[in-house]
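# Examining the three-dimensional arrangement
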Amino acid sequence: MFYQGPIYRPPSEADSLLVQATVGCPHNKCSFCCTYKRGPRFRVRPVNEIIADLREAHAELGNRVRTLFLPAGDSLAMPTAELAEVCAQARKLWPSLARITVYAGVNSILAHGPEGLSALREAGLSRLHLGLESGHDPTLLRVKKGVTSREQARAGRMALAAGLELSLYVILGLAGPEDSLAHAEATAQVIDRINQAGEPTLRLRTLLPKRRTLLLHQIDKGRFTLCTPHQVLAEADRLIAGLGGPLSLHSDHYTNYVNLSGRLPVDRARLRDEIARALTLPRGAFRPDFVGDQ
Ligand code: SF4
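None of the values given here were measured: they were computed from a predicted structure. (Residues numbered from 1 in each chain as written. Predicted model: local features only at pLDDT ≥ 70, side-chain atom pairs only at ≥ 80, totals over all residues. Heavy atoms only, no water.)

## Some remarks on the environment of Val143
Within the element layout of this structure, Val143 appears in the loop between helix 4 (137-142) and helix 5 (149-161). Non-local contacts of Val143, meaning those with residues more than four positions away in its chain, are made with Lys29, Cys30, Ser31, Phe32 and Leu174. (Helix = DSSP H or I, 4+ residues; strand = E, 2+ residues; numbered from the N terminus. Contact = heavy atoms within 4.5 Å.)

This is the structure:
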């Protein structure tokens, strides 16, 4: 089985078979991300090699494989026909596979277009893990995300309209204290626009500075200030207050200060109560600031 470079998967794919479809990230510029900053450079693996790995896994694991995730940073950047072939082969090997999922970038979703996304859905791709990070354009620009909120909304709607499931990732604290609430409000607006085409799942993360990143350099130089836990919680509250739903929300990540999980709008009051209670706790009740490695 071939693996090159950092291999990450979302926590929700902890039990998935990982078969690498691409190497690296085609964007690789986000100021907060260290994952592929030391390489390797982005490339798409040859389809015959990916399929050989699928066959090898099938020979070893048989029907113990229930779900399949195709690393690396944006495997939706593959040409439509190639990714469709990989998905179709996986479905042939494991007809009862519950899902096939990838990390996806906004630009990759838009590049496939509605027809390409439908073709991928028909070939067996089920879910996209899409890092919005923020829907606040000044923040997107500052962190070099390479997309606008308008493009995010278009891409998210396009994916849902094609029948794909969508997990959206948002980073609390990404805008710093000054723009914290604007980040929450603009992000809620983008998610609401995506929500018009179907029901995404929202997964919250909290900004943790990482080694070898521009963001850590900016913090060291005094050009960016981290939010306190209480500022992050107030931001989460503003986000949850602004989301219309219906959608599921989870904070299934070690970076978060409180573990929030529920559905909007039905659980809004409970989630906001949980945040209000956390806001009464002292700083020492939350994880300390530290610099992450990966
Ligand atoms: S956050 Fe995602 S898109 Fe941005 S550089 Fe890291 S892997 Fe690439």
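## Some details on the packing of aromatic side chains
Under the counting rule described, the total for this entry stands at 2 aromatic pairs. Geometrically, the ring pair formed by Phe69 and Tyr103 is edge-to-face, given 5.2 Å between the ring centres and 90 degrees between the ring planes. With Phe69 in strand 4 (residues 67-69) and Tyr103 in strand 5 (residues 99-104), this residue pair connects regions lying 34 residues apart in the sequence. For the ring pair Tyr257 and Phe286, a centre distance of 5.8 Å and an interplane angle of 75 degrees mean the geometry is edge-to-face. A residue pair is termed long-range when its members are at least 10 positions apart, and Tyr257 in the loop between strand 9 (247-250) and strand 10 (261-264) and Phe286 in the segment after helix 9 (268-279) qualify at 29 residues. Side by side, Tyr257 and Phe286 carry an identical accessibility label, which is buried. (Phe/Tyr/Trp six-rings, centres within 6.5 Å; stacked < 30°, edge-to-face > 60°. Buried < 20%, exposed > 50% of the residue type's maximum accessible area, 1.4 Å probe, protein only.)

## A short note on empty space enclosed by the protein
In the structure shown here, the tally under the stated rule is 2 cavities of 30 Å³ or more. Of the residues belonging to the lining of the largest cavity, the class tally is 9 nonpolar, 2 polar and 2 charged. When residues of the lining of the second largest cavity are traced back to their parent elements, those giving at least two are strand 8 (201-206) and helix 8 (229-242). Element by element, the count of residues in the lining of the second largest cavity is highest for helix 8, at 3 residues. Across the lining of the second largest cavity, the residue classes tally to 8 nonpolar, 3 polar and no charged. (1 Å grid on protein atoms, 1.4 Å probe; cavity = no way out; pocket = protein on both sides within 12 Å on 5 of 7 lines; lining within 4 Å. Points joined across faces, edges and corners; volume = space filled by probe spheres on them. Nonpolar A, V, L, I, M, F, W, Y, C, P; charged D, E, K, R; others polar.)

## Structural notes on helix 5
Between its first and last C-alpha, helix 5 extends 18 Å over 13 residues, near the 18 Å set by a 1.5 Å rise per residue. Every buried residue of helix 5 is accounted for by Ser149, Gln152, Ala153, Ala155, Gly156, Met158, Ala159 and Leu160. Here the buried face of helix 5 lies against helix 3 (106-123), strand 6 (127-133), helix 4, strand 7 (165-172) and helix 6 (180-195). Two residues or fewer past helix 5, Gly163 is found with a positive phi of approximately 90 degrees. (Expected span 1.5 Å × (residues − 1).)

Fair warning: the whole summary comes from geometry, so function is off the table for now.
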